[in-house]
Amino acid sequence: MANDTGIPAALTRLHFHDCFVRGCDASILLDSTPKHKAEKESMRNKGIGGFECSPYRWHYYDVLGGRRDGTISLIGDATKNLPDAFFNVTQLKENFAKKGLSLEELVTLSGVHSIGDCHCSSFSKRLYSFNATYPQDPSMVSTYASYLRAKCPRPVKTNSGVDPIVPFDPLTPTRLDNNYYKNLKSKKGLLFSDQVLWESSLTKKMVGSNIKHPSAWASKFASAMVHMGSIKVLTGSQGEIRKNCRVVNY
Ligand code: HEM
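All values reported here derive from a predicted model rather than from experimental measurement.

To continue, consider the environment of valine 162. Turning to its location among the elements, valine 162 is positioned in the loop between α6 (142-151) and β2 (165-167). Judged by its relative accessible area of 53%, valine 162 is exposed. Here the alpha-carbon distance between valine 162 and cysteine 120, two residues 42 residues apart in the chain, equals 9.4 Å.

Take a look at the structure:
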């Protein structure tokens, strides 16, 4: 983190994206082969990073040992299993439930969008072409929308490589705090899938509680990360212990 303040965000997302696809088996680290494109090539993994990083300590939580490495990584699995940034609460809830995570854990974990960056293409529809009735997403406050439009001029061309990034939390972009929830209440959620947590009656109270009780949120966050990190862990003789993180053993 001393060399690159983006590393904690990158590694947290890497962990999430690994666990939601075939369980926490490091399949996200595998490179594509001549026969198959790997998970890391999926659009849902846009901006994913941290592959070159060695272990480090951050907000401390225990990680269970003994986990082994998977041998399969397929692009289609990532698209199928990872949530989309335009999912509503019902879709997000279903997606997390399939992984054994509760609605409360979904709200708790989403608070990590208090650190890190996001490509304009992941939310620019909210600024320019939301739907037939509203060109701009009415659940985003207009001052924040203007700020984002200045950073993300239309059109955002992903294929031309012109796709700027903005911080999730412009005020404290590298501090994991409960500002995320405060931003949602002020209608300054960056992704559609963030803002819906305040807009929906299913999750609004949870957001409010995380604003009022930051330390309770921090301990729920640690527990939810550990729970997420236990999804379909390979043990015993399952999988293998990879010699090179990027390729399966011979
Ligand atoms: C609830 C559903 C979620 C959706 C739809 C979602 C979607 C996204 C998207 C679209 C980005 C930006 C990608 C880009 O354009 O560069 C992002 C970034 C990020 N996500 Fe999520 N996410 C979700 C939940 C989570 C969870 C549960 C975690 C971890 C526990 C997480 C951790 C992160 C982090 C840390 C970043 C910033 C990465 C960086 O700066 O390198 N997200 N997410």
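One finds Phe20, Leu109, Leu197 and Met228 to be the most contacted residues of the largest nonpolar core, which totals 35 residues. Residue assignment for this core shows that the elements contributing at least two residues are α1 (7-19), α3 (89-97), α4 (103-110), α7 (179-185), α8 (192-199) and α10 (214-228). Looking at this core, the element that brings in the most residues is α10, giving 5 residues. Judged by nonpolar contacts, the second largest core, of 14 residues, contains Ala145, Leu148, Cys152 and Phe168.

Of all protein atoms, just one serves as a donor to the iron atom of the ligand, and that atom is His113 (NE2), at 2.1 Å. Looking at where histidine 113 falls in the secondary structure, it is placed in the loop between α4 and β1 (117-119).

Below, the discussion takes up empty space enclosed by the protein. Over the atoms rolls a probe the size of a water molecule, and in doing so it shows where empty space is left. Counting across every chain of the model gives 2 cavities of 30 Å³ or more. The space that makes up the largest cavity amounts to roughly 70 Å³. If you trace the largest cavity, you find it lined by His15, Tyr61, Asp62, Val63, Leu64, Arg67, Met225, Val226, Gly229 and Ser230. Of the residues assigned to the lining of the largest cavity, the class counts are 5 nonpolar, 3 polar and 2 charged. Of the pockets and cavities examined, the second largest cavity occupies roughly 40 Å³. Along its surface, the second largest cavity is lined by His113, Phe168, Tyr180, Asn183, Leu184, Lys188, Gly189, Leu190 and Asp194. In terms of residue count, α7 provides more of the lining of the second largest cavity than any other element does, 3 residues in total.

On to the state of the cysteines, then. Enumeration according to the criterion identifies 2 disulfides in this entry. The disulfide bridge from cysteine 120 ends at cysteine 152, spanning 2.0 Å between sulfur atoms. On the sign convention where negative means left-handed, the S-S torsion of about -70° between cysteine 120 and cysteine 152 marks this disulfide as left-handed. Here cysteine 120 is found in the loop between β1 and α5 (125-128), whereas its partner cysteine 152 is found in the loop between α6 and β2, with 32 residues between them in sequence. Taken individually, cysteine 120 and cysteine 152 each receive the classification buried, so the pair is uniform in this respect. Here the cysteine-cysteine linkages of the protein chain are recorded as 1-2, 3-4, numbering only bonded cysteines and doing so in sequence order. Free of any disulfide, cysteine 118 has its nearest neighbouring cysteine sulfur in cysteine 120, separated by 7.9 Å.

Not every one of the 25 residues close to the ligand is listed here, only the nearest: Ala9, His113, Asp117, His119 and Ser122. A distance of 2.9 Å separates a nitrogen atom of the ligand from a polar side-chain atom of histidine 113. Between an oxygen atom of the ligand and a side-chain N or O atom of histidine 119, the distance comes to 2.6 Å. Looking at the shell around the ligand, the elements with two or more residues in it are α1, α3, α4 and β1. Counting residues per element, the shell around the ligand draws most heavily on α1, which supplies 5 residues. Taken together, the residues of the shell around the ligand sort by class into 14 nonpolar, 7 polar and 4 charged.

Before going further, it helps to spend a moment on the UniProt feature "binding site: Ca(2+) 2" (unreviewed entry) in the protein chain. The feature "binding site: Ca(2+) 2" (unreviewed entry), as given by UniProt, occupies Asp169, Thr172 and Asp177 in the numbering adopted here. Within the fold, aspartate 169 resides in the loop between β2 and α7. The contact partners of aspartate 169, leaving out residues within four places of it in the chain, are Ser114, Asp177, Asn179 and Asn183. Looking at where aspartate 177 falls in the secondary structure, it is placed in the loop between β2 and α7.

Parameters and conventions
- Residues numbered from 1 in each chain as written.
- Predicted model: local features only at pLDDT ≥ 70, side-chain atom pairs only at ≥ 80, totals over all residues.
- Heavy atoms only, no water.
- Helix = DSSP H or I, 4+ residues; strand = E, 2+ residues; numbered from the N terminus.
- Buried < 20%, exposed > 50% of the residue type's maximum accessible area, 1.4 Å probe, protein only.
- Core = buried A, V, L, I, M, F, W, Y, C linked by side-chain atoms within 4.5 Å.
- Donors = N, O, S within 2.8 Å, 3.2 Å for Na, K, Ca; no water.
- 1 Å grid on protein atoms, 1.4 Å probe; cavity = no way out; pocket = protein on both sides within 12 Å on 5 of 7 lines; lining within 4 Å.
- Points joined across faces, edges and corners; volume = space filled by probe spheres on them.
- Nonpolar A, V, L, I, M, F, W, Y, C, P; charged D, E, K, R; others polar.
- Disulfide = S-S within 2.5 Å.
- Near = heavy atom within 4 Å.
- Polar contact = N/O pair within 3.5 Å; in protein donor to acceptor, adjacent residues only side chain to side chain.
- UniProt positions renumbered as here; feature names shortened; annotations may be inferred.
- Contact = heavy atoms within 4.5 Å.

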